[in-house]
Amino acid sequence: MINDVIREASDSANVFKKFIGRDKIQTQEFFAVMYMAQNNKVLGVYVHSMGAMTATQADIRLILGGALRIGAVSMIISHNHPSGNLIPSDADLSLTKKIIQAAATHDIRVLDHIIVTKDGFYSFLQEGKM
């Protein structure tokens, strides 16, 4: 997983699903960040938070702190929906915008936000939400 090169949204979804684990993806919500080098090479994946069945917290300061420590030039954020529903909530859309704006102040690009479920994924980039 680490040192993988991300070429498309399905690559990201597969990495995040491996980190969350198939046995946990339907039990509680996780928020994770994939930090990347200039060539879309994965530097690391950080499982930022674990929450309840319907929500988890994401602290933008900690997310950016990780990016700065590892020297990332870009990142892909992700969370799962234990319900299996792939549609982003208003809170998902708002958080994505906040992370993009905060990362931009450090010249770090947010390439995508991926929602994963046991059976599929949703890419904010592919769906025109970024």
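You'll find the structure just up there.
Because the structure is a prediction, the values reported are computed rather than measured. Starting from 1, residues in each chain are numbered consecutively following that chain's sequence as written. It should be noted that, the model being predicted, local features are given only for residues of pLDDT at least 70 and side-chain atom pairs only at 80 or more, the latter also being counted only at that level, while totals for whole chains, interfaces and linings use all residues. Calculation of side-chain values draws on the structure's entire complement of heavy atoms; hydrogens and water are dropped beforehand.

Undergrad: What is the right way to read the side chain of Thr96 from this model?
TA: Secondary structure elements are taken from DSSP: a helix is a run of H or I of four residues or more, a strand is a run of E of two residues or more, and numbering for both begins at the N terminus. Position of Thr96 relative to the elements: it lies in helix H3 (residues 90-104). Given the relative accessible area of 2%, Thr96 is considered buried. Not counting residues within four places of it along the chain, the set of residues in contact with Thr96 comprises Ile77, His113, Phe124 and Met130. The buried label applies to any residue whose accessible area, calculated with a 1.4 Å probe on protein chains only, is under 20% of its type's maximum; exposed applies above 50%, and partly exposed to all values in between. Contacts were defined at the residue level, with two residues in contact if any of their heavy atoms lie within 4.5 Å.

Undergrad: I would appreciate a short explanation of the nonpolar core in the present structure.
TA: Side chains that are nonpolar tend, in soluble globular proteins, to be buried together. Counting residues in hydrophobic clusters, the biggest one holds 16 residues, and the most contacted among them are Ile6, Phe16, Met34, Val45, Ile76, Ile114 and Val116. The set of elements that each furnish at least two residues to this core consists of helix H1 (9-20), strand E1 (30-36), strand E2 (42-50) and strand E4 (109-116). For this core, the leading source of residues is H1, giving five residues. Ignoring sequence-local partners within four residues, the contact set of Ile6 consists of Asp11, Ser12, Val15, Met34, Met36, Asn40, Val42 and Ile76. Nine residue types can take part in a nonpolar core, namely buried Ala, Val, Leu, Ile, Met, Phe, Trp, Tyr and Cys, and a core is a set of them joined through side-chain atoms within 4.5 Å. Grouped together as the second largest cluster of nonpolar side chains are 14 residues, Tyr35, Ala72, Leu95 and Ile108 included.

Undergrad: What is the right way to read the sheet that holds E1 from this model?
TA: To summarise the sheet geometry, strands pair through backbone hydrogen bonds and adopt either a parallel or an antiparallel arrangement. Pairs of strands are assigned from DSSP output, requiring at least two bridges between the strands. Here we have five strands laid out as an open sheet, ordered E2-E1-E3-E4-E5, and mixed in their pairing. Of all strands in the sheet, those bounded by a partner on one side alone are E2 and strand E5 (121-123). Adjacent strand axes in the sheet meet at a mean angle of 20 degrees when their direction is disregarded. By the bridge criterion, six bridges tie E1 to strand E3 (residues 74-80) in an arrangement that is antiparallel. The partner of Met36 across the bridge, within E3, is Ser74. Axes, fitted as lines to C-alpha atoms, cover a helix only where it is in contact. Angles between the N-to-C directions of the axes lie from 0 to 180 degrees. In this fold H1 packs onto E1, E2, E3, E4 and E5, with an angle of close to 60 degrees to the strand it touches most, E4. On top of the sheet, H3 reaches E1, E3 and E4; it is set at about 155 degrees to E4, its chief contact.

Undergrad: Please explain the environment of Leu111 as it appears in this structure.
TA: On the secondary structure map, Leu111 appears in strand E4. Sequence spacing of Leu111 and Pro82 is 29 residues, and the spatial spacing of their C-alpha atoms is 23 Å.

Undergrad: Which parts of the structure should I look at to understand the pattern of salt bridges?
TA: Pairing between side chains of opposite charge can happen when the charged atoms of each approach one another. What makes a salt bridge here is a side-chain nitrogen of Lys or Arg within 4 Å of a carboxyl oxygen of Asp or Glu, nothing more. Evaluation of the coordinates by the stated rule reveals two salt bridges. Across the salt bridge formed by Arg61 and Asp59, the nearest N and O atoms sit 3.0 Å from each other. Exposure remark for Asp59: the relative accessible area of 24% places this residue in the partly exposed category. Lys118 serves as the salt-bridge partner of Asp119, at 3.6 Å between the closest nitrogen and oxygen.

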